[in-house]
Structures are given as C-alpha cells and as structure tokens.
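Next come the chains, spelled out residue by residue.
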Amino acid sequence: MGKVVLFICGSDSHGTPIVVNAEAQGMAPKTLATKYHQHFDEVFKGMGVNFDFFGDTDDQACHNRTQEVVKELMDGGYVYPKEIELAYCPKCERYLPDRYVEGECPYCGKTARGDECDMGCGRHLEPGEIKNAICKVCGSKAEYRKQIHYFFKLSEFKGFLLKYLETLGGTASARNYAMEWVRAELKDWCITRNMAWGIKFPGHSDLVVYVWVDAPIGYIAFTEEWCARNGQDWKDYWKDGARIIHFIGGDIVYHHCIFWPAMLKGAGYTLPSAVVASGMLKIDDKKFSKSRGNVIWVKDDYLDKGLHPDLLRYYLASYTAHNKEVNFAWKIFADKVNTELVGAFGNFLNRALTFSVKNFEGEVPDGVIDAEVMARISQTMAEVISGLEEYEFKKATDSVMTLADYGNIYFQNHEPWKLIKNDKASAGTVLRSCLQIAKALVIFMEPVMPAKMEAAWKQLGLVGSACEMPFQEALAPLAAGQKLGVPEILFSRMEEPFVKELDRIFKERIEQSESKEKGKTAKKKGEISFEDFQSLDLCIGEIKKAGPIKGSNKLLKLEVDIGGETRQVVAGIAEAYSPEDLVGTQVVVLANLKPAKLFGIESQAMLLAADASGKAVLLRPRDQVETGTKVR
Ligand SMILES: [Zn+2]
Ligand SMILES: [Zn+2]
C-alpha cells in the first residue's frame, strides 16, 4: 500500500511465570527465558514472519528505557509509595507476587491467580487483594505482611482515557471492553514487586517493576535497538506522532488499552492510534490448553512434518473475522488446502499458465485485455485495501479468492481450448486476460503467502520480486511477447492418510495428557487379589534388535527374546535410550498384553519402566538370569 512500516515484536521475558517454571526445572530464569526467546524467533522465521526487529524485554535497551520511563513518571508526580498488606509464605520465607500465589478473587469468589482472576471475572488483581492465599510453591497457607510498595496514579487518568478510547482505532471489541473498565473503576496501580528477576525499580535494589510496566516498554526499546543499527532516530516513532498500531491477543486488552496509554501519556510518548485484538484460538473446537495436550505445535507438528508455512498463514488469515475465535482442526485445514488452494487458486494459475506456454511458444499472447477483467481486478484491489485498513484479513483474502473463482469461470466460459483450433487470435485475447488475473492474484495474495507467491511470480516470468510490488502493479498490463516461466504445481493435495496421521498424533497427545492427569489424581489404586496379579504374564526378556520408527521421535521398534520366542515391541523409550545401547539388555516384559498397533507396527508385548517425570527408565533384573524366567 506504499506505506513505510517498522514491524516490531519481542519476547516478554520477565514476570513470575518464568521464575516459577525455571525454579521447577532447576534453571536460572535467564536460561529459560533465553531458551523460549530463541524458540519463538526460530518459529516466527520458519513461518515467514519477518519482523524488522524481534527483541527480548531483558535486553539492556529495555532495562534502560523502563527505568527512564519510571523516572519520568516519578518526576511528573504520578508515582507514590504506600504501605500495603502482601501475601507472604512463612515456610518459603518470601513474599508471594502474582503467580506465586493462588486464592479467591475478592470480586467474584472464583479461584484466581495473584495478579489476575483468569477463571472468573477476568479482573486484574492488585498485590494483597487475593483472599485465602496459598503459596504455589509449597502449598502453605500464606500470611499477610505489611510492606511499602509503589503505585502509579492511574485514577488520575480516567478523564484522559475516556476521551482517548473514543478515538482509538482497531477492533471495536477491544475499545469497548477497555471503556467499560474505565467507566466502572480505575484504581491506582501497584507497579513494584519483591523479586530478583526483572527490571530494578529505580533506587530500590530489592524491588523490580511489575512485568506489565516493562513488557510494553519493550516496543519502544526494540524500536531504539533497530534505529541504532539502522542509523535512524527512535524519537521519530515514539516522540513525534508516527501511527502506532498494536496487534495483540484478546486476553491482554486491559493492559494495552488502559495501563499502557496512561503510562505513555504520563511520561510523554506517542500514544497508540490503534489496538487490534485477535480472538482466542481453539483446537478441534476445544479451548487451547498446553496442560491438556489440546495444542498443535507449529514446529514439531507442522513445520517438521514438511508442511509449508504459507498454508497455515492462509488458514489463519482466511478462517474468520480477526476478533472472532479461530478454530484449528486438521480436517478443516485439509479441506481448505484441497478446495480453496489446490482446487480454485492453484488450479487457475496452473491452467492459465500451462495453456499459454503450450500454445503460444511460452510467451504472453497478443490481444487486448478484456475491459471487464481489468474492472474486476480494480474492484478486488479496492476490497483488499479496505480489508487491510479495517484489519479484516479475511475480507481481503476472501476477495482475492473471489477473483480466482472468477478467473476459473472466465477460462471455462471462453473455452480457449476450442478457440485455439480455428481462432488463435481470440484464444490469445482470452489467455492474456487470464494471465493478467494471475498476476493480480499473486500480488494481492503475497502478504498472506509470500513464498508461494514468489514462486508463482517467477513462473509468470516476471522480473523483480512479488513482495516489492505495490498493489497498483496488478493493473499494469502484462507485455505481449513477454517470456513466461516454467509452470509448476504450486499447491498439492493433502491426502487422507497423511491428514489422519497428523490427527492421530494430536489425539495421542491429548490421551497422554489425560492419562498423566489421571495418574496424578489416582494416587491410590484399588486393591487387587493375588489371582489378579497372577493373570499378568511377566517374564525376563532380552532385547535382540532395536531401531527407530520413521515419523516418531518417541518410539523404538524392538525385537525381544522371551525364551525361545521373539516378540516385536513398540516402546516409548526413544528419548531415554539409543537403539545400540539396548541390544543385549535384559528387561521385564508383560507378555500377555493384548497386541496393539502403533505407527502401523504391531506391538506384541510391553516393557516395564519407571516413569521418572516423563522419562522412561527400564526395569531389569539385578543379576543376569536365563531369558524367559518368570517374574513372580
Ligand atoms: Zn474474579
Ligand atoms: Zn511456600
């Protein structure tokens, strides 16, 4: 659209979730935060999401900018100290900020985290507000102790926010949600925490700022980092009225539409002109949840399976309105790929190109481009631009797909395969019009499917790069006689067995999470009789062969001798043992388990292993015994 854009993003590395998880994994918070940061960076790149700068809120630039902003707020008289009562764990001997504590929401009574009532009313909770607090680390009942903390005078910004929100662009749902909160209540906001991990509160070595202070300040800091590397002045963006547009998840509207503009206003920075909040993500029509296994990992489940990033990008852009819930399911994914990308879009590009290459010596044919075609392209361009300006990516992609459908009908109705036999000139006119539609489709779809459209651009024999073309270029007629490239299939069908396999991996993860959950809750199992135990055919086996299973990084295929008989066993031990270390090992085998197929391979027995926090440790006899010896 011809606009100069700086595209900034970053990892939010501070806050209690990082510290709590790092502690649980015996790591330093910095190590865990860096691990996540690198992973995000890698996944974004793998998906063709090319930020100008992808920063980390633990970057020095963010420490500096955050302290600067806090000082500016203090100088402006917007920060004051106040004694409050905080949850404190007598056993862990520490204060319990944010997610270190769980208890009862003082507003709705539901179970809530220290800083947010995420299962109930959705309110942001201030330190000390939570009732009947329990320490998340050791489970002890927390006490309340008095301590001095620092508050931001958010209540003073009520009038400003009401006016500001009226003019805020982006999704109406975000604006209205924030407006409701501001109208109802606007309490001063505690901006310090008792923690070591984070950005130090100026003048207090024992306090850091609350994560929601430095997380958005990251946007400024990352701009500064990019500007420093590119010889530009960050103030042009944050002090001088650039249009700032935030793209956020629907669950952080409160922070971006209330805390953030008030902070910017107080400290004297450019205010965002739009906040675009997406709807939440569902997987298979159920709430996305890592702990329940209801998740599809972009790297493991998608990119590593050889799926092209552009297909998922298309899915997300075209599924629904930006502020509505997005549901992902493999079945829908395959349908969209097969009908929309293969059947409509790819089919048209391929037909137009193949027919021209074959019948017009690999060149754009002569003839006048149909005026109706040019009008359709023009109309599509207007719709795409208005879709993008409204942040409605579905509207934009839908209108591109409508143009592809029009192209298919145009080709079909004009029957160039008949014309070519006795009226080559007319066939040329039809094809030149079709190729013009193809060029327009590539330019309009490029933001959604950059790699695929770059390939299509080359197939059309066009010079330069599709990503550099302004939308206007779609109306520039293809030159007659221009050499066309080699037509190739852009999109391939998602075949049923592959889709089923992807779905099976997903379902298996849910089952595993469920059984893990059951294992946790059912600590005490019911008694069984000695006869019940005797019905298990347990014996000592020896692993004779071991090898990997294609497509699985968890399972190994084994051949186990159980005393004159060999059983094929599929075991989930690939992450714990390498195949060559297993051959010759004696193991405990459950020989009369009903056979089951895993990855298409029959498993005819089971090995016993200890489940050491998810890692398998094989059980084996202390001393060497004869293979086939019974276990009693
Ligand atoms: Zn609540
Ligand atoms: Zn504790």
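Residues numbered from 1 in each chain as written. Chains lettered and ligands numbered in written order. Predicted model: local features only at pLDDT ≥ 70, side-chain atom pairs only at ≥ 80, totals over all residues.

(A) Expanded view of the overall build of the protein. Looking only at helices and strands, one finds 19 helices and 27 strands in the protein. By its C-alpha atoms, the protein is 90 × 85 × 45 Å across when sized along the principal axes. By the burial criterion, 35% of the 632 residues in the protein qualify as buried. For the protein, the share of sequence-separated contacts (at least 6 apart) that also reach a separation of at least 24 residues comes to 71%. (Helix = DSSP H or I, 4+ residues; strand = E, 2+ residues; numbered from the N terminus. Buried ≥ 20, exposed ≤ 12 C-beta atoms within 10 Å, placed from the backbone. Contact = placed C-beta atoms within 7 Å.)

(B) Broad picture of the pairing of strand β15 (residues 274-278). Relative to β15, strand β9 (residues 169-170) runs parallel, the two sharing 2 bridges. Bridging across to β15, Gly 170 finds its partner in Val 275. Strand direction decides the pairing type here: strand β14 (residues 245-249) and β15, joined by 5 bridges, are parallel. Residue pairing across strands places Gly 249 opposite Ser 278, the latter belonging to β15. Following the backbone out of β14, through helix α8 (residues 253-267) and into the adjacent parallel β15, one traces a crossover that is right-handed. (Pairing = 2+ DSSP bridges. Right-handed = clockwise from strand over helix to strand, strands pointing away.)

(C) Spatial organisation of the domain arrangement of the protein. Considered domain by domain, the protein is made up of domain 1 (8-76 + 160-175 + 212-278), domain 2 (280-518) and domain 3 (530-632). Between the C-alpha centres of domain 2 and domain 3 there is a distance of 48 Å. (Domains from an automatic or database assignment.)

(D) Highlighting helix α3 (residues 60-75). Between the first and last C-alpha of α3 there are 22 Å, a value that for 16 residues agrees with the 22 Å anticipated at 1.5 Å per step. Among the residues of α3, Ala 61, Cys 62, Arg 65, Thr 66, Val 69, Val 70 and Leu 73 are the ones counted as buried. Viewed end-on, α3 has its buried residues packed into an arc of 155°, placing them on one side of the element. Along α3, exposed side chains directed more than 90 degrees from the buried face belong to Gln 60 and Asp 75. Packing partners of the buried residues in α3 comprise β3 (79-89), β8 (143-152), β12 (200-201), β13 (204-209), α6 (211-229) and α8. (Expected span 1.5 Å × (residues − 1). Arc of directions from axis to C-beta.)

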